Amino acid sequence: MFQEVSQDQIQAVTGGMLLNRNEELLISQTAIDSRQILHPEKTLFVALRGAKADGADFIPQLIDLGVKTFLVHQDFEEKAFPDLCFIKVSDTRRALQLLAKFQRSLFTNPVVSITGSNGKTIVKEWLGQILGQKYAVAKSPKSYNSQVGVPLSIFGIESYHQVAILEAGISKAGEMAALEEMIKPDLGIFTNLGSAHQEGFESLESKIQEKLSLFSDSNFLIYCSDQKQVSEQIEAVFPTKKRIAWSDRAGADFTRSVKVKAKGARLILMKSDLSTHTFQVPFSDLASLENITHVIIAAMTLGQTSESIQEGISHLKSVDMRLTLKPGINDSLLIDDTYNNDLAGLKVALDFMQQQRPKRRKILVLSDLLQQGSPEKIYLEVTDLIRKYQFDQIYGVGKEIFYLDREFPESFTGFKSTEELLAKLDPDSFANDMILITGARVFGFEEVVNRLQQRIHGTTLEINLNALTHNYNFYKKLISPKTKVMVMVKAFAYGGGAVEIANQIQTMGADYLGVAFSDEGVALRKQGIKLPIMVLNAMQESFGLCSEFDLEPVVFSPDFFESLASWCTIHQKTIRIHLDMDTGMHRLGFENKHLGELKRLIKTNPQLQIASIYTHLVGADEEIHQEFSFSQLRTFEEMKNEILEVLPYKPLIHALNSAGIVAFPDFQFDMVRLGIGLYGVEVTGKHSLALRAISTLKTTISQIKELDPGETIGYSRKGVLNSGGKIATLAIGYADGYDRRFSNGKGYVLINGHKAPIIGNVCMDMCMVDVSGMDVKAGDEAIIYGEQISLKELADQIGTIPYELLTNISTRVKRVYYLD
Ligand SMILES: *Cc1c(COP(=O)(O)O)cnc(C)c1O
């Protein structure tokens, strides 16, 4: 925080009502999450009300931690806590923003802000690196760019910072005003206008207009004038002296020309005074070139010389800047954060680590933080963080990091260089650990990750945990705040990896998990998942496991009820169960004719506690089955009412799956069961733009071959290139879950953004694609499906449904999780 504030100041800034002031206390930190408290006394806890939870629920816990100052909604009952300070406001999120606005107003150095559809985070990171060579830079951690993310980013600005770079992102109309008011950028960058996520805006024009309002008070705005719609609006609204346009055509403030070379590109910028500035950049794809152009012009506008910008660029790599969770050596888990190592980034990584499977040794590999600013202050904070997150072992690389040796003599081992670390590190000393690797780019920690990761073969499934949260929140908005959510994580969480997904779901605040079989539930419990778990199809043999691991079986017939009841009697156990009503699915479940017997069984067997009663719709995704769905729901209401009559307590009632949530919002009852929607497929097609793909299946090219006309490709000689051409062999086959029905042109993959159709039959571990005329080489990445290739479309192509494609991906394909 730029400046410490008293409780009175907080009250004045937020316009709240203050109870129990403590004049001595000064606040230097803000937290919205009970797990992130470092200095409880100095922390203001802001109780936000979100889709998932009410922050106020955590207040007793925070009081135990020692937090003394709380910003709460006005209806909060503070009487139970007489000696603590509560500042009551009508809207805590708004109050958080007002505090951020206040802190921002104290910072007089330049603030750069970036908005647009794509590239915001990368432009921020690159600009941060280039300016960071000379200045102490504050920047938003990861993509903290929202109504809550921006305030948190602003609180990261400290008095020693010389420039701040903040990202701004909006998802619907009306949101920019609050961001503008807080950020008040001096220099703006508009990256570009994608077509994604049009939802939430009336039209493209209104979306541009809204985004541009961020810059209404800025001195300068950098943009690409080749984007017609954007530049037209900018030119209509902003005066010439404020606009800094670049273009690939002559006439802009900066005219760009690009020469693609073997490794990267040469980029020449000509200013309107005809001076030219040449830069060598290490990449040649259009998106990176666009991003770096914004970065260069911003750095020039801030007074950097071409030489110093070039120096910064030559240290940039188009590396993966995401925080990823990967399978590591000897069943360890790796958190790979080898790109971002300022304090703000470190906190995000630590927080992410904390959400992962508990009960592991925690290892930290950390380099010097090459962040400008007072080292004492920085390492003091690092020390606090390490204490708080309780690392068992710390490996430090660099010079300043040896500071930690004094603080952690038992657990710290220091190395002067990454080479020394690699030479002395025995990978086999790790087993079943949680290893966080985070370091400045120049330390080349990629090599450390390489050494410690489980060999990842060509094919990986990357899962975007932010997209998962996005999808979850989309469904949360469709249901009432009181309705609970059960997330179905059966079949390895629809292929995504049950434990990691369940972890994230637990963090997001879901209420229940659903699995198909008991062993799936046992696996979740063994990894520390605490949520209640319903098991759709628990077998007689697994009753013992259900009881031992606190799993709640679905009971679907009188016979099943009787055998589970007698098992419980013999073992003197009680078990929570769920009753499945068959209203038309005709898979499992009680039919109407069983109800009499069921009621008798319930009355005589109190050792089975009814946790819920539910039914499952057969065609909620298809309009033609609407009448049938209604009749199912009506039948269900009658059936559950009949059962409720004999129960002295009230179980949860539920019926809707993902499609049902969209189509039958009036039948939420107490809970909904979310499946495919969470994983990014909106099966009714009504909101297909609103969800994000959560997974990308990728592989690499193993070999390129040039073929003569008439030569055939693969088994049974099914593939032919009549006039010859070029093929690429990919490291994925039907044993990985790439369906053989994609053979012979039914499927395609994306390589460097271009479609390459499957040629010949898909083999067990490989397949071939036609890359004639494309510039590709062995080692290039091929995307099988992901954000750019819709699962629905692919599934239609081979006559199946997205569910099958998702769940077919073999467990031999490594799952990698990331936050973007
Ligand atoms: C799989 C399943 C769901 C989830 O269905 P989606 O269509 O994936 O949302 C809900 N309820 C039951 C009983 C299921 O088996």
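Under an unreviewed UniProt entry, the name given to the protein chain is Alanine racemase, and the source organism is Algoriphagus locisalis. Looking at the protein chain in UniProt, the text filed under Cofactor (unreviewed entry) is "pyridoxal 5'-phosphate". In its Pathway (unreviewed entry) section, the UniProt record describing the protein chain reads: "Amino-acid biosynthesis; D-alanine biosynthesis; D-alanine from L-alanine: step 1/1."

Trainee: Even after reading the chapter, I still don't get helix α10 (residues 306–314), so can you show me in this structure?
Mentor: For the α-helix, the turn length of 3.6 residues means that residues three or four positions removed from each other point alike. Listing the buried residues of α10 in full gives Ser306, Ser308, Ile309, Gly312 and Ile313. Within α10, the buried residues cover an arc of 165 degrees as seen down the axis, which keeps them to one side. On its buried face, α10 sits against α4 (120–132), β16 (276–281) and α9 (286–301).

Trainee: Please clarify how the sheet that holds strand β6 (residues 69–73) should be interpreted in this entry.
Mentor: Paired through backbone hydrogen bonds, the strands of a sheet run either parallel or antiparallel to each other. Judged by pairing direction, the sheet is mixed, and its 5 strands sit side by side in the order β2-β7-β6-β5-β4 without closing on themselves. Sheet topology places β2 (17–19) and β4 (29–31) at the edges, where each strand pairs with a single neighbour. Averaged over neighbouring strand pairs, the angle between their axes works out to 20 degrees when direction is ignored. Pairing of strand β5 (residues 43–46) with β6 involves 3 bridges; the strand directions are parallel. Counted as the bridge partner of phenylalanine 45 is phenylalanine 70 from β6. Seen against the sheet, helix α1 (residues 7–14) touches β2, β5, β6 and β7 (85–89) and runs at an angle of roughly 5 degrees to β7.

Trainee: I keep staring at the site of the ligand and nothing clicks. Help me out?
Mentor: In the vicinity of the ligand lie 13 residues, with Lys490, Tyr494, Ser658, Arg673 and Tyr803 positioned nearest. At 2.7 Å from a nitrogen atom of the ligand is found a side-chain nitrogen or oxygen belonging to arginine 673. The separation between an oxygen atom of the ligand and a polar main-chain atom of isoleucine 676 is 2.7 Å. Here the ligand has 380 Å² of accessible area as a free molecule, and 95% of this is covered by the chains.

Trainee: Looking at this structure, I do not really get the domain arrangement of the protein chain. What am I missing?
Mentor: Frequently, the measure chosen for interface size is the accessible area removed from exposure when the parts meet. In terms of domains, the protein chain is made up of domain 1 (5–96), domain 2 (107–313), domain 3 (326–453), domain 4 (461–685) and domain 5 (695–819). Look at where the C-alpha atoms of domain 4 and domain 5 centre, and you get two points 36 Å apart. With 17 residues of domain 4 at the contact, the number on the domain 5 side is 19 residues. Both sides of the domain 4 and domain 5 interface together cover about 1,800 Å² of buried area, and 65% of this is carbon and sulfur. Of all residues in domain 4, Leu461, Glu462 and Tyr494 give up the largest surface area on contact with domain 5, accounting jointly for 39% of the area buried on that side. Inspection of the region where domain 4 meets domain 5 yields 1 salt bridge.

Trainee: I tried to follow the sheet that holds strand β11 (residues 187–190) on my own but got confused; where do I start?
Mentor: Taken together, 9 strands build an open sheet; the order of strands is β9-β10-β8-β11-β12-β13-β14-β15-β16 and the sheet is mixed. One side of each edge strand has no neighbouring strand; the edge strands of this open sheet are β9 (137–139) and β16. Between one strand and the next, the sheet's axes are offset by a mean angle of 20 degrees, whatever the strand orientation. Here strand β14 (residues 254–261) runs beside strand β15 (residues 264–271); their pairing, made up of 8 bridges, is antiparallel. Among the inter-strand pairings, threonine 255 is bridged to a residue of β15, identified as methionine 270. The strands touched by helix α8 (residues 228–237) are β11, β12 (220–224) and β13 (243–247); relative to β12, the strand with the most contacts, the crossing angle is about 155 degrees.

Trainee: Even after reading the chapter, I still don't get the packing of helix α16 (residues 465–478) against helix α18 (residues 498–508), so can you show me in this structure?
Mentor: When two helices pack together, you describe them by how their axes are tilted relative to each other and by the distance separating the axes. Two elements in contact, α16 and α18, have axes whose closest approach is 11 Å; the angle formed by their N-to-C orientations is 50 degrees. Considering their axes alone, α16 and α18 lie oblique with respect to each other. Crossing of α16 over α18 shows right-handed handedness. Each of Leu465, Leu468, Thr469 and Tyr472 in α16 lies in contact with α18, whose residues at this interface are Ile501, Gln504 and Met508. Tallied by class, the residues present in the contact of α16 with α18 amount to 5 nonpolar, 2 polar and no charged.

Trainee: Explain the pattern of salt bridges here, please?
Mentor: For side chains of opposite charge, pairing can occur when their charged atoms come near one another. The full count for this structure, using the stated rule, is 38 salt bridges. When the shortest N-O distance is used, the salt bridge between aspartate 433 and arginine 361 registers 2.7 Å. Residue aspartate 433 is found in the loop between α14 (418–424) and β22 (434–438), and its partner arginine 361 is found in the loop between α11 (343–355) and β19 (362–367); the two are separated by 72 residues along the sequence. Each of Lys124, Glu125, Lys139 and Glu167 takes part in a single network of salt bridges with overlapping partners.

Trainee: Explain the UniProt feature "domain: Alanine racemase C-terminal" (unreviewed entry) in the protein chain here, please?
Mentor: With numbering matched to this structure, UniProt assigns "domain: Alanine racemase C-terminal" (unreviewed entry) to residues 694–818. A helix fraction of 11% and a strand fraction of 38% characterise residues 694–818, whose end C-alpha atoms lie 10 Å from each other.

Trainee: Just checking my understanding: could you explain the pairing of strand β36 (residues 748–751) for this structure?
Mentor: Looking along a regular strand, one sees the side chains alternate between the two faces of the sheet. Side chains of β36 alternate between two faces, with Tyr748 and Leu750 and Val749 and Ile751 buried alike. As judged from the 4 bridges shared by β36 and strand β37 (residues 754–759), these two strands associate in the antiparallel manner. Looking across to β37, one finds that tyrosine 748 is bridged to proline 757. Adjacent in sequence and paired antiparallel, β36 and β37 are bridged by 2 residues, among which asparagine 752 carries a positive phi angle near 45 degrees.

Trainee: Quick question: what am I supposed to make of the UniProt feature "modified residue: N6-(pyridoxal phosphate)lysine" (unreviewed entry) in the protein chain here?
Mentor: Taking the numbering used here, the UniProt-annotated feature "modified residue: N6-(pyridoxal phosphate)lysine" (unreviewed entry) corresponds to Lys490. Mapping lysine 490 onto the fold places it in helix α17 (residues 490–494). Among residues more than four places away in sequence, those in contact with lysine 490 are Gly514, Val515, Ala516, Glu520 and Leu536.

The rules behind each value
- Residues numbered from 1 in each chain as written.
- Predicted model: local features only at pLDDT ≥ 70, side-chain atom pairs only at ≥ 80, totals over all residues.
- Heavy atoms only, no water.
- UniProt positions renumbered as here; feature names shortened; annotations may be inferred.
- Buried < 20%, exposed > 50% of the residue type's maximum accessible area, 1.4 Å probe, protein only.
- Helix = DSSP H or I, 4+ residues; strand = E, 2+ residues; numbered from the N terminus.
- Arc of directions from axis to C-beta.
- Contact = heavy atoms within 4.5 Å.
- Pairing = 2+ DSSP bridges.
- Axes fitted to C-alpha atoms, helices over the stretch in contact; angles between N-to-C directions.
- Near = heavy atom within 4 Å.
- Polar contact = N/O pair within 3.5 Å; in protein donor to acceptor, adjacent residues only side chain to side chain.
- Areas by Shrake-Rupley, 256 points an atom, 1.4 Å probe, with all protein chains shown as cover.
- Domains from an automatic or database assignment.
- Buried area = accessible area lost by both parts, 1.4 Å probe.
- Salt bridge = Lys/Arg side-chain N within 4 Å of Asp/Glu carboxyl O.
- Parallel < 35°, antiparallel > 145°, perpendicular 65-115°, else oblique.
- Left-handed = near helix turned anticlockwise from the far one by under 90°.
- Nonpolar A, V, L, I, M, F, W, Y, C, P; charged D, E, K, R; others polar.

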